[in-house]
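# Survey of secondary and tertiary structure
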Amino acid sequence: MRITYFGNHRRLALVAALGTLLCMTVSVPAHAGMADAVKAETLANGLRVLVLENHKAPLATFNVFYRVGSRNEQFGKTGLSHLCEHLMFKGTKKLGPEEFSQIIQQNGGEDNAFTESDFTDYFETINKDHLDVPISLEADRMANFEPKEFDKEKHVVLEERRMRTEDNPEDALDEMVRSQAYVAHPYHWPVIGWFHDVDGLTLADAMAYHKIYYSPQNALIVAVGDFNSEQVLKQISEAFAGIKNGPKPPPLTDLEPPQEGTRRVELQHAANLPAFEEAYHVPNLRSSDAFPLEIASEILSDGQSSRLYKKLVVEKQMVVDIGAGYDMTSFDPGLFVVSAQMRPGVTAASTQVEVEKELAAMRDTPVGAEELQKAKNLEQAQFVFGQDSVMREAEMLGVYEMLGDYHLVDKYLDGIDKVTAADVQRVAKTYLVATNMTEGVLVPTGVLPHGGDGLSSGELR
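These lines cover the structure that appears in this document, whether it is placed above or below. It should be emphasised that the depicted structure is a prediction, and the values quoted were computed from it without experimental measurement. (Residues numbered from 1 in each chain as written. Predicted model: local features only at pLDDT ≥ 70, side-chain atom pairs only at ≥ 80, totals over all residues. Heavy atoms only, no water.)

### What to know about the pairing of strand E6 (residues 120-127)
What counts is decided by this rule: Accessible area is worked out with a 1.4 Å probe on protein chains only. A residue is then buried under 20% of its type maximum, exposed over 50%, and partly exposed in between. Runs of E in the DSSP output that reach at least two residues are strands. Runs of H or I that reach at least four are helices, and both are numbered from the N terminus. In this scheme, strands are said to pair when DSSP sees at least two bridges between them.
Extensive coverage of E6 is indicated by the burial of 6 of its 8 residues. Two elements, strand E4 (residues 59-66) and E6, share 8 bridges in a ladder whose sense is antiparallel. For Tyr-66, the partnering residue across the bridge sits in E6 and is Thr-120. Sheet topology note: the strand E5 (residues 110-115)/E6 ladder contains 6 bridges and is antiparallel. Bridged to Asn-112 within E6 is Phe-123.

Below you can see the structure in the form of structure tokens.
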């Protein structure tokens, strides 16, 4: 999963009906691709626009993606992308603070945004007959950014950081592990930024950052819904075509060198339970290894029949929670992460021994045909069911377009279907090894105050 900071946090829950698909022995059948129905256009100012008609419900979603996230920041200015996301709701030359959201709500819609390491997404879901409202509002805050209450909003972000990291041991551990896993690449710092950096940011910093990164040439609009695509393309062009570009964003040239040995960190923090996290450097979608890594994460931890859950939660009863996560759509090579929260009295070291046994089994022995097919079915079903949501469709099209081409979205099912047992074994041998691992251990120094549980919670903007 991506590390995402956004109002009312992360993405879409898995449809309960997926459980019925786990025991299938055939893959999801081929179907017409989502990208086939997309109408694409690039305006004269460089703004890329994708429009997809979806007539399943009388609503539409409007997304404006900006190709800017924490990876575009610099030491001393971390957290600027996330702070700008907050400030985009604090007014323009025409609107006052929060007036944007109020207008959307008055028209029966909902709006929000999230910042990731790679991009920022602003989105509205609204009745199809009122799509012109978010179109005009988003054009206004792209062209007329003038936030009010800067100090107040920065304080909100600092408090959010305290809640999410300083007072949240598992998030604090993840932040520490990632900062050790990356020594050169800007994935080194957290999306929300280092506290002292955010505290030092100024309104001038935000205005300069917006001028560079929030311009048409660095943006992507994706609209999906129950509308006429030609009409929507015309509305978008009329609203955005006249917006001028700022300076061209500088290229990101930082590369992470290969890791050549295990890195270890320890976090001593108030926590109700001990925990650990292991992170392995892995490639992204641009590598043919991405799909086998996706399947490996399914086999290890997705569902109660997965290897890590069966072994450590059910059989040995060592942990209360364990998972393995991988995001193939990170813009630069990312991490394959295994994390767990132990039961009282169970040590991280003993649990890690058991985890390593499961990883070794994946490296040493090809996965069986039935287990492999079940993992494929789950991945493919999640993907297909996700297309029932216009928001999810817009997000998929946007992310793949920013990765290079929205047509890549239609290669996902086939990519998963082609994964073999040998592929899974190969990527496990290549990447899930000690010399490529950064491990972090959470050592509780006392119980959390105020009855906290140490689990991640969503941000409320």
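Additional details are given in the paragraphs that follow.
### Here we look at the pairing of strand E2 (residues 39-42)
Both E2 and strand E3 (residues 48-53) contribute to a ladder of 4 bridges, which runs antiparallel. For Glu-41, the partnering residue across the bridge sits in E3 and is Val-49. Where E2 folds back on E3, the antiparallel hairpin that results is connected by 5 residues, among which Gly-46 adopts a positive phi of roughly 95°.

### Digging into unusual backbone geometry
The backbone of Glu-98 shows a phi angle near 65°, a positive value even though the residue is not glycine. In this fold, Glu-98 is placed in the loop between helix H1 (80-87) and helix H2 (99-106). We classify Glu-98 as partly exposed; its relative accessible area is 29%. We note that Glu-149 has phi near 60°; this positive angle belongs to a residue other than glycine. Inspection of the secondary structure puts Glu-149 in the loop between helix H3 (132-143) and helix H4 (150-166).

### As for the sheet that holds strand E8 (residues 263-269)
Counted only if it meets this: Lines fitted to C-alpha atoms define the axes, with helix axes restricted to the stretch in contact, and inter-axis angles between N-to-C directions lie between 0 and 180 degrees. What makes two residues a contact is simply this: any of their non-hydrogen atoms within 4.5 Å.
A sheet is described by the order of its strands in space; here 5 strands give the open sequence E8-E12-E9-E11-E10, paired in mixed fashion. Two strands bound the open sheet, and with one partner strand each, they are E8 and strand E10 (319-326). Neighbour-to-neighbour, the strand axes of this sheet turn through a mean angle of 10°, independent of strand direction. Of the strand pairs in this sheet, E10 and strand E11 (residues 334-342) are connected by 7 bridges, and their pairing is antiparallel. Each residue of the ladder has a partner; that of Tyr-326, found in E11, is Phe-336. Against the sheet, helix H10 (residues 307-315) engages E10 and E11, with an angle of about 165° to E10. The sheet strands contacting helix H11 (residues 348-364) are strand E9 (275-282), E10, E11 and strand E12 (437-444), and the helix crosses E9 at an angle near 35°.

### Brief notes about the pattern of salt bridges
Note the threshold: Should a side-chain nitrogen of Lys or Arg be within 4 Å of a carboxyl oxygen of Asp or Glu, the pair is scored as a salt bridge.
A full pass over the atoms with the stated rule returns 26 salt bridges. In this structure, the salt-bridge partner of Glu-159 is Arg-162, at a minimum N-O distance of 2.2 Å. One end of the pair, Glu-159, and the other, Arg-162, are both in helix H4, 3 residues apart, so they sit about a helical turn from each other. Note that Arg-392 and Glu-395 form a salt bridge whose closest N and O atoms lie 3.2 Å from each other. Remark: Glu-395 and Arg-392 occur in helix H13 (residues 390-403); sequence separation between them is 3 residues, near one turn of the helix.

### Observations regarding helix H15 (residues 421-431)
Among the residues of H15, Ala-421, Asp-423, Val-424, Gln-425, Val-427, Ala-428 and Tyr-431 are the ones counted as buried. Against the buried residues of H15 lie E9, helix H9 (290-301), H11 and helix H12 (369-386).

### Re the packing of aromatic side chains
Aromatic rings in a pair are described by how distant their centres are and how their planes are angled relative to each other. Quick note on the threshold: Pairs were defined over the aromatic rings of Phe, Tyr and Trp, the Trp ring being its six-membered one, requiring ring centres within 6.5 Å. Orientation was assigned from the angle between planes: stacked under 30 degrees, edge-to-face over 60, tilted for the rest. Whether a charge sits over a ring depends on NZ of Lys or CZ of Arg being within 6 Å of the ring centre and within 35 degrees of the ring normal.
The full count for this structure, using the stated rule, is 16 aromatic pairs. The interplanar angle of 35° and the centroid separation of 6.5 Å between the aromatic rings of Phe-62 and Phe-240 together place this pair among those described as tilted. Placement of the pair is Phe-62 in strand E4 and Phe-240 in helix H8 (residues 229-240), with a sequence separation of 178 residues. Taking the relative accessible area as the measure of exposure, Phe-240 reaches 0% and is therefore buried. Ring geometry for Tyr-182 and Tyr-187: centres 5.4 Å apart, planes at 80°, overall edge-to-face. When sorted by exposure, Tyr-182 lands in the same class as Tyr-187, which is buried. Clustering of aromatic rings is evident, with ring pairs tying together Phe-65, Phe-114, Phe-119, Phe-123 and Phe-331. Lying across the ring of Phe-89, Arg-141 places its NZ or CZ 4.6 Å from the centre.

These results come straight from atomic positions and should not be treated as a statement about function.
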